[in-house]
Number of protein chains: 2
Amino acid sequence: MKTLIVVTHPSLETSAVNKRWVEELRKYPERYTVHELHKAYPDGNLDAQEEQRLIESHGPLVLQFPIYWFNCPPLLKRWLDEVLTYGWAYGSNGGDKLKNRQAALAVSAGIREENYREDGRYRYSLKQILSPFEATFLYCNADYRSFFAFYGMENEPGETFPEKRTSRPPADWRAAPKTICAFLITCNRPTERTIGSSLPNRTSCAAAEEETARVRTRNIRPSEALGGIPRVR
Amino acid sequence: MKTLIVVTHPSLETSAVNKRWVEELRKYPERYTVHELHKAYPDGNLDAQEEQRLIESHGPLVLQFPIYWFNCPPLLKRWLDEVLTYGWAYGSNGGDKLKNRQAALAVSAGIREENYREDGRYRYSLKQILSPFEATFLYCNADYRSFFAFYGMENEPGETFPEKRTSRPPADWRAAPKTICAFLITCNRPTERTIGSSLPNRTSCAAAEEETARVRTRNIRPSEALGGIPRVR
């Protein structure tokens, strides 16, 4: 069955990584359904039953979003609260619609990877920062396949943005569309059930990186790379 | 200066712990301002400047909310995104309004404490689950004083609710209002700056518990204790 990518970005058109991921995923309609929440529900009022139907008619579920304040956008949190309901996502009365369903996250991570460490600037790894989503999937007995992250699309706190931007985006940011597809291929491969022992994130990302090393775009001009990059916290 | 408690609960009137906390906090208007987001903004459209003004006219900041899907309600995430802006909460152009400001969380935690452990059912401690909020305060150079949690106001997944509820709420749930005040007194005491070495949560909670051991209500009848308890994930 096709993979459902639920994309939640308040301003996808002016985004960098998330927009490119979407553009790439849309090239393979036989594999992926890209569902943009802000486009489907401009007023923020979700149709929970329609969302449930959409999930049921697909196989793997991927939540794609930019990390703002170390968390998902509000509309995705609303989606989780309203769609993953008792009797559908959990509970004894038919609450098994995510059970064994492959699930993953694809996030643009904002700050640099080296700051996402227990001994780093913000004291937590991205795996820990994303633990609410992993725990949610565990709660629903989904087959959580880890996350795919694109780090470093942002300034450090205290820097003036964007006039005096001093840090450059990572050199491989334009390869982001390819890497997400590679990640999805990797994480959709049949493996043993991961509940109770989910795949280490490092493994998935390493595999994705290996597969996509050849597609990385080189020699990005900073001026070009900076065009249209939103402030992604 | 008074402490600002930003309360975000989609249905405070039918809640148990959160409502009691609010009732208790309102007894001390000289110490606490209780600001209910859903009451102030029924349509969800926040006045970010007014929120910023409110924070600036107070001392410590406490975010109080029930944990749904291991995370805050969507309106609080929207509040974080819209209120903690560049040039106010961070950044070089006046982004220092949270700098050194005491900040804490007060949460009703849903599942039982023993499940919130690295070797527990959901594999993460509540400290890790709440890491997005801690990291946000760190980013803004606030003086994060840990969190106060009330565990176990919910069924386990798979149980039918509420008709066949088998688990009882924790015996001390009616003492919750007293304990939050004790926690706030504890966490508002002047201490060394905690950035880089925040107080272990255990310490704050232990101190709060010690101070309030005498106020704990005993012999709660289950029927009474169960009245009006919302489904708190």
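Every value quoted in this text rests on a predicted model; they were computed, and no experiment measured them. (Residues numbered from 1 in each chain as written. Chains lettered and ligands numbered in written order. Predicted model: local features only at pLDDT ≥ 70, side-chain atom pairs only at ≥ 80, totals over all residues. Heavy atoms only, no water.)

Novice: Before we go on, may I ask you to explain the overall build of chain A in this structure?
Specialist: Per the secondary structure count, chain A includes nine helices and five strands. Start at the N end of chain A and walk to the C end: the helices and strands fall as β-α-β-α-α-β-α-β-α-α-β-α-α-α. Looking at chain A as a whole, 59% of its 233 residues are labelled buried. Counting only contacts in chain A whose residues sit at least 6 apart along the sequence, the fraction spanning at least 24 positions is 76%. (Helix = DSSP H or I, 4+ residues; strand = E, 2+ residues; numbered from the N terminus. Buried < 20%, exposed > 50% of the residue type's maximum accessible area, 1.4 Å probe, protein only. Contact = heavy atoms within 4.5 Å.)

Novice: Explanation requested: the sheet that holds strand β5 (residues 143-150) of chain A in the structure shown.
Specialist: Note: strands within a sheet are paired through backbone hydrogen bonds, in either parallel or antiparallel orientation. Residues and elements named next belong to chain A. Taken in spatial order, the five strands line up as β2-β1-β3-β4-β5 in an open sheet, and their pairing is parallel. The two strands at the open ends of the sheet, each matched to only one other strand, are β2 (32-36) and β5. Adjacent strand axes in the sheet meet at a mean angle of 20° when their direction is disregarded. Set on the sheet, helix α1 (residues 17-25) makes contact with β1 (3-7), β2, β3 (61-66), β4 (102-108) and β5; between it and β3 the angle comes to about 150°. (Pairing = 2+ DSSP bridges. Axes fitted to C-alpha atoms, helices over the stretch in contact; angles between N-to-C directions.)

Novice: Is there a simple way to explain unusual backbone geometry in this structure?
Specialist: Note: most residues except glycine have negative phi, and most peptide bonds are trans. Residues and elements named next belong to chain B. With a phi angle near 45°, Trp69 is a residue other than glycine that sits in the positive phi range. Checked against the element boundaries, Trp69 lands in the loop between β3 (61-66) and α4 (74-83). Exposure remark for Trp69: the relative accessible area of 2% places this residue in the buried category. Even without glycine at this site, Arg123 takes up a positive phi of about 70°. Mapped onto the fold, Arg123 is located in the loop between β4 (102-108) and α5 (126-129).

Novice: Just to check I follow, could you spell out the packing of aromatic side chains for this structure?
Specialist: Each aromatic ring pair is described using two quantities: the centre-to-centre distance and the angle formed by the ring planes. A complete count under the given rule lists 26 aromatic pairs over all chains for this structure. Considering the side-chain rings of Phe137 of chain A and Tyr144 of chain A, the 5.7 Å spacing of their centres and the 20° angle between planes classify their relative orientation as stacked. Assigned by exposure class, Phe137 of chain A and Tyr144 of chain A land together as buried. Members of the aromatic cluster, each reached through a chain of ring pairs, are Trp69, Phe70, Tyr116, Tyr122 and Tyr151 of chain A together with Tyr86, Tyr90 and Tyr139 of chain B. Over the ring of Tyr28 of chain A we find Arg31 of chain A, and its NZ or CZ is 4.4 Å from the ring centre. (Phe/Tyr/Trp six-rings, centres within 6.5 Å; stacked < 30°, edge-to-face > 60°. Lys NZ or Arg CZ within 6 Å of the ring centre and 35° of its normal.)

Novice: Got a minute to help me understand the nonpolar core in this structure?
Specialist: Grouped burial of nonpolar side chains is what soluble globular proteins tend to show. Ranked by internal contacts, the top residues of the largest apolar core, which has 92 residues, are Trp79 and Leu126 of chain A together with Trp79 and Leu126 of chain B. The contacts of Leu126 of chain B, once residues within four sequence positions are left out, are Ile67, Val107, Ala109, Tyr116, Phe147, Ala149 and Tyr151 of chain B. (Core = buried A, V, L, I, M, F, W, Y, C linked by side-chain atoms within 4.5 Å.)

Novice: I keep staring at the state of the cysteines and nothing clicks. Help me out?
Specialist: A disulfide bridge is the covalent bond that connects two cysteines by way of their sulfur atoms. For the structure shown, the criterion picks out zero disulfides over all chains. Here Cys140 of chain A stays unpaired: no disulfide links it, and the sulfur of Cys72 of chain A, its closest cysteine neighbor, is 15 Å away. Judged by its relative accessible area of 2%, Cys140 of chain A is buried. In this model Cys72 of chain B remains outside any disulfide bridge; the closest cysteine sulfur is found in Cys72 of chain A, 7.8 Å from its own. (Disulfide = S-S within 2.5 Å.)

Novice: What's the story with the sheet that holds β3 of chain B in this structure? I'm lost.
Specialist: All names here are of chain B. The strand order across the open sheet built from five strands is β2-β1-β3-β4-β5, with neighbouring strands paired in parallel fashion. This sheet does not close on itself; its edge strands, each paired only once, are β2 (32-36) and β5 (143-150). Looking at each pair of strands side by side, their axes are set apart by 20° on average, direction ignored. Pairing analysis gives six bridges linking β4 to β5, with the strands arranged parallel. Looking at the pairing, Ala103 lines up with Tyr144 of β5.

Novice: How do you make sense of the pattern of salt bridges when you look at a structure like this?
Specialist: Side-chain pairs of opposite charge can arise where the charged atoms are in close proximity. Under the criterion given, the structure shown has 24 salt bridges over all chains. A salt bridge links Glu13 of chain A to Lys19 of chain A; the shortest N-O distance between them is 3.9 Å. Overall, Lys19 of chain A belongs to the partly exposed group, its relative accessible area being 25%. When the shortest N-O distance is used, the salt bridge between Lys127 of chain B and Glu134 of chain B registers 3.2 Å. It is possible to trace a salt-bridge network through shared partners that takes in Arg26, Glu36 and Lys39 of chain A. (Salt bridge = Lys/Arg side-chain N within 4 Å of Asp/Glu carboxyl O.)

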